[in-house]
Every structure is written in C-alpha cells, then in structure tokens.
Amino acid sequence: MMYQRAPSDITETSLRGRILSGFAMTTMATLFLFETKAFVSKDIATSLALANSNSNQRIQLNFNITMMDLPCNYATVDVYSTVGFQKNITKDVKKFEVSEDGVLQQYEARNWHQDDVELWDPAVVETVEDLHNDGEDAISLNNDTFPYAKEEFPFLFVKFYTSDCPNCDDFAPTWEALGEIVTDASMHMVDDFMEAKGMDNHHYSDEEYEQAVNVMAPVLVTRLDCGAYPDVCKEQQIRAYPTTRLFVDGKAAGDYDGHRTVMELVHWLGHMEAEHREPGQLKMNNIFKYASERAVRNEEERIWNDALMSYRAPSPFFNTTRHPGCQLVGHIMVDSAPGKFLIQAQSFGKDFSTTLTNVSHIVHHFSFGDIEAQESVQNGGWKGISSKFIQSLHPLDGNVYVTSGLHQAYHHHLRVVTTEFDFGDSLFKWVGDKVRRVYRILCNTQLSTYRTSIVPEAKFEYDLSPIAMSYLEVSRNWYDYSTGLLAIIGGCFTVIGMLESSVAFFSKRNRYYLS
C-alpha cells in the first residue's frame, strides 16, 4: 500500500495536546514580537580612537558672557594658541551695554578699533616743558586741594594720570594747552569786565586778579597724579589712565572718551554746560573763540568746528554710569590646538589700573562646535545618552564668578573631548557631516591671584584630548533576523516536543503503577 492509516493517538486531539500547542503558539508569538522589535530598533555602540590630528581644522567656540564691571569700550576678546593668535576680535562678536544695576540695554554697543580715537592734538606742537615756561595752567591737585576744588568750583575738569603712563605723556601737551586756552579766555573776560566798570590795574593786586580769573573761568582745568595720591583715585574708581572726568557742583557728571584734541574737548564741555547751566549763564562760547585760534589748522576745519558749536547734540563720547558692564555674545573659529580665550580690559589710548580692574563675570553659555549639532544630539532621543552627557557639552552655563579681592580673576581650565555620532544608513545621513560632531568639556575653575603689576583677565584655557569617542548607531541584518525566526520555530517545537514526551512518559508510568 502506498498510504497507511496514521495511528489514532496522533490524529485524535487531547486536552494535554491542546494545552501544549496553545503554550507553543503563545511562546512563539511573544518571541516573534520581541525579535521583530529588536530588528527594527537601533542600538548604540561606542568606540575610542585617536582624534583627527589635522592642524588645519578649526573649531567653532560659542560664548555668551556678561562682564559685570567692565565697560564695552574696554572689553576685548583675544584668542591665543600654539599655532597663532587673534587680538581684539570683532567679527561675529556683539556687545551689549549693561547698566550698573545689571539691566541689559536694548542696543548693541560699538566695537571700537585702535585708530578710532586721536590720542593727542597734532595742532599742539609745543612740549609740556615749553608750555610750562609761563606757568602751569592745568592746576595740579592733591589729597587736600581736590575736595576743595570740587566744593568751590561749579565746573571742574580733572585729568587722572600716572607718571609711568605713555598715553598720559602723549596727552599732556594737549591738556596743558586746554588749560592755557581757558586761562587766556578767562583773562580776557576779566579785562572786559573791568573795562566796562572803568577799573584799572591799581584797583586790585596780582593775587586778586588771579582769583578773579579762576572765578570767571567757565571750567577749571586740573590734573591729579594717581601714582602720588592713590587714595583719591581709588575713591573715584579710576580704572584707566588717562581718565578725564567732569565734576559739576561737586558730583561726577561724566567721563570724556572722545578724540583727545582741544576742539573736541571744548565741544564736549559746551554740550555738558548746556545740560547743566541756564541759557543766560553759558560761557563756553568765549573759550571756543580762543581755542579755534589756537588749535584749528585750516579754513575747512574752522568751518566744521563752527558747525559743531551750533549743533548741540548729545556727545557720544562720555558715560555717566560709574560701573557699567558688558554682555559679549558671539562665536569665533579657533585652531584645533591648545589655546586660551581671554576677555580683558584693553584700549589703545589708555593704561589700566591693575588694582581696580574687575573681571567678575557670568557665563550664560560656553561651548565648542556647531550649535545645531548639540541640539540634534540633545533632542534626537538617542538611547543611552544621559542628561549628564548633555550637561557636559556646556558645563559652565549659568555659573557666576565674582572676585572679592584685588588682583584676582577666575581661570577656567577646559579639557575638550571630541565626540562623534554616526547615523549609519538613516535618513539623516545626508546631514551627517553637519550634525554628528560635538565636544564634551571637562572643566576645572580656580581663583588666581595676579602680581600687582599685571592687569587681571578672565581666562578660558582649553586643550583638545587626543582621544575621540564615537557613538555608532547599529541595526541587525535581515539574515540575522530570518535566522532568529527559524530558530524560534525550531526551538519551540523541540522544547514542546521534549516536554510532551516527558509528560507522556510519566503519565504511562503512573498508570502502570496504579494498575
């Protein structure tokens, strides 16, 4: 016979068979589900390798830092590395003034360049010694005379300087010339007054005449040596030399930071006088006439200065805020080599006080690499990426570093670890070069004390690690998935068969003993 009848114990169902078959089907379905889920999902594999040593590669450094007590016109960004340096960086760097109360101003501050401000008046060709031959017209003040001058003279213009300041030496002839012009104009004003009253030189002594000149002067031009009288300068918070400050009725009205020429100084004094004196009390027009005769070099410049005197717009070259800050926002490209990122007080036309320079700062953001890459990793939902990893991309964010003593500054030592994310064959492969590389930062911050001759600076030293970490997104191959499915089917039938044989054996054995 070609076909034989199967035994009845095979074709007929039993309760035990139905239970085992149901268990087998449930087990295979569950294993199928987990196997399929594992096949469609992706895992993260990590590896370590030497970082790319291409010296031509540059890395983007992102920063948003508020200097709490450093004006924007002094705050500069410099970068030094073992292969080069960049000084006074202005490209892709924005500055926003912060008031002494910590209020961010709604306008962008200007990045001043070194050639923006004239440091002395070329029209003043005499030396200080030549100008002193007929006496000092810019009166020298000290600890005792400075408070007296503030109290007695409604308009007091003071130049704070030091004897070892080269910029102060360059500015000295211009300042003395300004004092001489004010004195000459005041003498003419006294002579005109006496002539109008019918008085001659027999009605007064030389001392009385000198006092009359000082009283008639629209402004008293003075100077104070901070090297000889440091207590006065500390009290006035003089942080850079030379600082030219106007006092009105004993109170600081503003610091002049414009072109250091006689005409610009006179123009600014005219603007300040118009703000603080009644129209009938203005005297600076008298000074302007003598200043024009002394300092104007040609007819074209004379016409320009006449127009300036008739246009009383607020001058942009002074700041009445005593402790302004500056928020610096931007990014720069740095070499992939050990280096340092500095924010410090610098000015082509000023020398800074090492004692009163305060570089306390708030780090709103500081990171390396492309911002979009960081956001892609942070929001990409990568399995195995913890919140600590995301935080390590910008560990300084939100920290405040305030120095409580003199000659101090915080230094941040940063170890930068390159971390790459490989998207494999995913839909994001076309943007892989843009979003896959981020930089973790291991930081150590220390409070450093400077020598008294060095100006403090906010320093961020960085060094790229030679080891790079890679996160690879991997998935299973289709043939591994197929092999797994077949293994599940075969394994389930084998296990269920062994289980059924064992149950049948023990069942027969029990029936045998019972019979």
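One can find the structure itself at the top, above this paragraph.
Scope of this entry: the structure provided in the associated data block. Only a predicted model underlies this, so the values are computations on that prediction, with no experimental measurement involved. (Residues numbered from 1 in each chain as written. Predicted model: local features only at pLDDT ≥ 70, side-chain atom pairs only at ≥ 80, totals over all residues. Heavy atoms only, no water.)

Description of the nonpolar core
By size, the foremost hydrophobic cluster in this structure holds 39 residues, and its most contacted members are Leu61, Phe63, Ile332, Phe341, Phe366, Phe368 and Tyr462. Mapped onto this core, the elements with two or more residues apiece are β2 (58-67), β3 (75-81), β14 (325-335), β15 (339-345), β17 (361-368), β19 (408-422), β20 (437-449) and β21 (457-464). The greatest single-element share of this core, amounting to five residues, is contributed by β2. (Core = buried A, V, L, I, M, F, W, Y, C linked by side-chain atoms within 4.5 Å. Buried < 20%, exposed > 50% of the residue type's maximum accessible area, 1.4 Å probe, protein only. Helix = DSSP H or I, 4+ residues; strand = E, 2+ residues; numbered from the N terminus.)

Thoughts on the packing of aromatic side chains
On inspection of all chains with the given rule, the structure shows 15 aromatic pairs. Consider the rings of Phe146 and Phe160, whose centres lie 6.1 Å apart with planes at 75°: the pair is edge-to-face. Linking Phe146 in helix α4 (residues 145-152) with Phe160 in strand β8 (residues 155-161), this pair joins segments that are 14 residues apart in sequence. Ring pairing ties together the aromatic residues Phe63, Phe341, Phe366, Phe368, Phe460 and Tyr462, which thus form one cluster. A cation sits over an aromatic face here: Arg260 above Phe171, 5.6 Å from the ring centre. (Phe/Tyr/Trp six-rings, centres within 6.5 Å; stacked < 30°, edge-to-face > 60°. Lys NZ or Arg CZ within 6 Å of the ring centre and 35° of its normal.)

Observations regarding the environment of Lys42
Along the chain, the position of Lys42 falls in the loop between α2 (15-40) and β1 (43-50). As a C-alpha pair, Lys42 and Glu473 span 431 residues in sequence and 6.2 Å in three-dimensional space.

Thoughts on the pattern of salt bridges
For the coordinates displayed, the defined rule picks out eight salt bridges. Salt-bridge contacts for Lys350 lead to Asp257; the nearest nitrogen and oxygen are separated by 3.4 Å. Here Lys350, found in the loop between β15 and β16 (351-352), pairs with Asp257, found in the loop between β12 (251-256) and α8 (262-276); they are 93 residues apart in sequence, far enough to count as distant. (Salt bridge = Lys/Arg side-chain N within 4 Å of Asp/Glu carboxyl O.)

Topic: the environment of Pro230
By the element assignment, Pro230 lies in helix α7 (residues 230-235). The class of Pro230 is partly exposed, set by a relative accessible area of 36%. In sequence terms Pro230 and Thr162 are 68 residues apart; their C-alpha atoms lie 9.7 Å from each other.

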